[in-house]
Amino acid sequence: MKNIDLNYLCTVIGNLAGIPIRTYKKDEQVVYHSLVELPKDPLTPYLSDIFSIKAHIGYFITPYFNYYGVVNCPPYKIAMKSIVQMPLSSIVQILCTMNYVLNDEKLSLEDIQIYDSEQQDLTEIIESERTNQKFYSSDTEDIQKQQAVHNTLALEQTIVNIVRKGDTAALREWVKNAPAVRGGILAADGLRQMKNTFIVTATLISRAAIRGGININDALSLSDAYIQKCELLNSVDRITNLQYHMILDYTEQVEKLKKGKSPSKLVICVSDYVQHHLSEPVDVEALAKSMFLSRTYLANKFKKESGTTLTDFILKEKVEEAKRLLRYTDKHATAIAVYLGFSSQSHFANVFKKYTGKTPSEYRKLHTK
C-alpha cells in the first residue's frame, strides 16, 4: 500500500458522509472515527461476517436491512456503516473512492452490486415458496381464492382518481362503505405491515396530488412529514386514522386548486402563491407583481375565472388553515391569529365566524369532543 495516512482519510470521509468508520489491521482495530457517540458499536455482532469479505470492495446487509461497507487493502480492512438515511449506492460510491485511493483500482457500481449467483438463489427460494403455498393449484376453487387475495389495485385506482380530481365529497362517501383491504404481506407483524402500507399509500397519493396540480415540492414534503409521523405511532387504529386524514388532506388541497372542472393557470398560480404566504398578510400588490400583472387586472381576471374575489379567496384559505390548526394542534387562538398574519385576535375571530358561522373556540370545542 502507498504511504497513506489512514487516520486522516477515514476522518475526512467520515466527516463528509456523516458515517462511523473503523480500520482494522488484521484483527485489531487501529482507527475509529464517528461524529456521534454510540454506547455500543453496532458492528460488533457482525464482525465475523465483515472479516469474511475478501474482495477489495464489499458490503454486508444485516437481517434488519442495515448495511456495512468494506474496503480491503491488506493488511488493513476499513468498515463503515450508514447511520443516516443514505442509499446503499451512495455508500458503494464512497467505497469505490477509497478503494481507488488505497488500491489504485477503478471500480463502479455495476462492478460491485450485481451478484448473479445470489439472484439465482433468491429466485429459487421464491419459486419454492410459491409452489409450497399452492400458487399453482389445479383446484378451481383454490385458484379463485388466490386471485382474490389481493384487491388493492381497484382500491388504489379509486382513491388515486379521487385525490387527483380533488373530490372530497366522493372520498367521504367512499369511506362510508369502504371495502376491507386485502393486500400482500409486507411485514412479519401487524404494526409494521400497517406502517409499510401507509408508506405505499403516501407515495401513491402524493403522486396523484401532483397530477392534480399541487406543487411537487409541497406534495413530497407533506408525504415525508406524514410518513415520519406514522413511524412514531404504535397503534394500528391511530395509523389507520392518520392515513385517512392524509388522504383527505391531499384531496382538499387539490380541491382548492380545482376552481371549476378545468382550473386556469392563473387560478392555480394564485392558489400556490397564497399557500406559500399563509403565515403573513398576503399583499395583493406583491402577488400581482410576482405574476407580472397589474393589481386591477389580476383582481378582475381572477374574479372572472374563479367566481370569487381575491380578498374572499385569500381569507377563505386562511380560515381553512385555521380550522386545521384548531382541530389538530393545541395552539391558542391568539397564536393562530398571529401566525396567519391577522392584525388582531378580534379581526381573526370576526373573519373566522364570517366564513364558518362559529367562533374559533366554538369550532375547536365541536371538533375535539
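This one's a predicted model, so the numbers in the text were calculated from it and none came from an experiment.

Some thoughts on the packing of aromatic side chains
Scanning the model with the defined rule gives six aromatic pairs in all. Aromatic pair Phe342 and Phe348: ring centres 5.3 Å apart, planes at 50°, arrangement tilted.

Remarks on helix H1 (residues 6-17)
For H1, which comprises 12 residues, the first-to-last C-alpha distance of 16 Å matches the rise-based estimate of 16 Å (1.5 Å per residue) to within 8%. Along H1, the residues that are buried comprise Leu6, Leu9, Cys10, Ile13, Gly14 and Ala17. One side of H1 carries all its buried residues, which in axial view fall inside an arc of 120°. Pointing more than 90 degrees away from the buried face of H1 are the exposed residues Tyr8 and Leu16. Those residues of H1 hidden inside the fold are in contact with strand E1 (21-25), strand E2 (28-33), strand E5 (76-81) and helix H3 (88-103).

Description of the nonpolar core
If you look at the biggest cluster of nonpolar residues, it comprises 26 residues, and the most contacted ones within it are Val163, Phe198, Ile214 and Tyr250. Only helix H7 (152-165), helix H9 (190-211), helix H10 (216-231) and helix H11 (236-257) provide two or more residues apiece to this core. No other element matches H11, which puts eight residues into this core. Beyond its immediate sequence surroundings of up to four residues, Tyr250 is in contact with Val163, Ile205, Ser206, Ala209, Ile214, Ala219, Leu222 and Ser223.

Observations concerning the sheet that holds strand E3 (residues 57-61)
A sheet is described by the order of its strands in space; here five strands give the open sequence E2-E1-E5-E4-E3, paired in antiparallel fashion. The open sheet has two edge strands, E2 and E3, and neither has a second partner. With strand direction ignored, the average angle separating the axes of adjacent strands in the sheet is 20°. The pairing of strand E4 (residues 67-73) with E5 spans six bridges and is antiparallel. The residue bridging Val71 from the neighbouring strand is Ile78, located in E5.

Overview of the pattern of salt bridges
Applying the stated criterion across every chain, the model contains seven salt bridges. Of the charged contacts, one joins Glu252 and Arg172 as a salt bridge, the two residues approaching to 3.5 Å between their closest N and O atoms. In this pair, Glu252 sits in helix H11 while Arg172 sits in helix H8 (residues 168-176), placing the two residues 80 residues apart along the sequence. When its relative accessible area of 39% is taken as the criterion, Arg172 is described as partly exposed. Arg192 is the partner of Glu231 in a salt bridge, and the nearest nitrogen-oxygen pair spans 2.8 Å. Note that Glu231 is positioned in helix H10 and Arg192 in helix H9, a separation of 39 residues in sequence. For Arg192, a relative accessible area of 28% gives the class partly exposed. Each of Arg172, Asp249, Glu252, Glu321 and Arg324 takes part in salt bridges that share partners, so that together they form one network.

Side note on the packing of H1 against H3
Contact geometry of H1 with H3 gives a least axis separation of 12 Å together with a crossing angle of 160°. Looking at the two axes, H1 sits roughly antiparallel to H3. Crossing angle aside, the handedness with which H1 passes H3 is right-handed. Here Leu6, Leu9, Cys10, Ile13 and Ala17 of H1 come into contact with H3, specifically with Ile94, Met98, Val101 and Leu102.

Reading guide: rules and limits
- Residues numbered from 1 in each chain as written.
- Predicted model: local features only at pLDDT ≥ 70, side-chain atom pairs only at ≥ 80, totals over all residues.
- Heavy atoms only, no water.
- Phe/Tyr/Trp six-rings, centres within 6.5 Å; stacked < 30°, edge-to-face > 60°.
- Helix = DSSP H or I, 4+ residues; strand = E, 2+ residues; numbered from the N terminus.
- Expected span 1.5 Å × (residues − 1).
- Buried < 20%, exposed > 50% of the residue type's maximum accessible area, 1.4 Å probe, protein only.
- Arc of directions from axis to C-beta.
- Contact = heavy atoms within 4.5 Å.
- Core = buried A, V, L, I, M, F, W, Y, C linked by side-chain atoms within 4.5 Å.
- Pairing = 2+ DSSP bridges.
- Axes fitted to C-alpha atoms, helices over the stretch in contact; angles between N-to-C directions.
- Salt bridge = Lys/Arg side-chain N within 4 Å of Asp/Glu carboxyl O.
- Parallel < 35°, antiparallel > 145°, perpendicular 65-115°, else oblique.
- Left-handed = near helix turned anticlockwise from the far one by under 90°.

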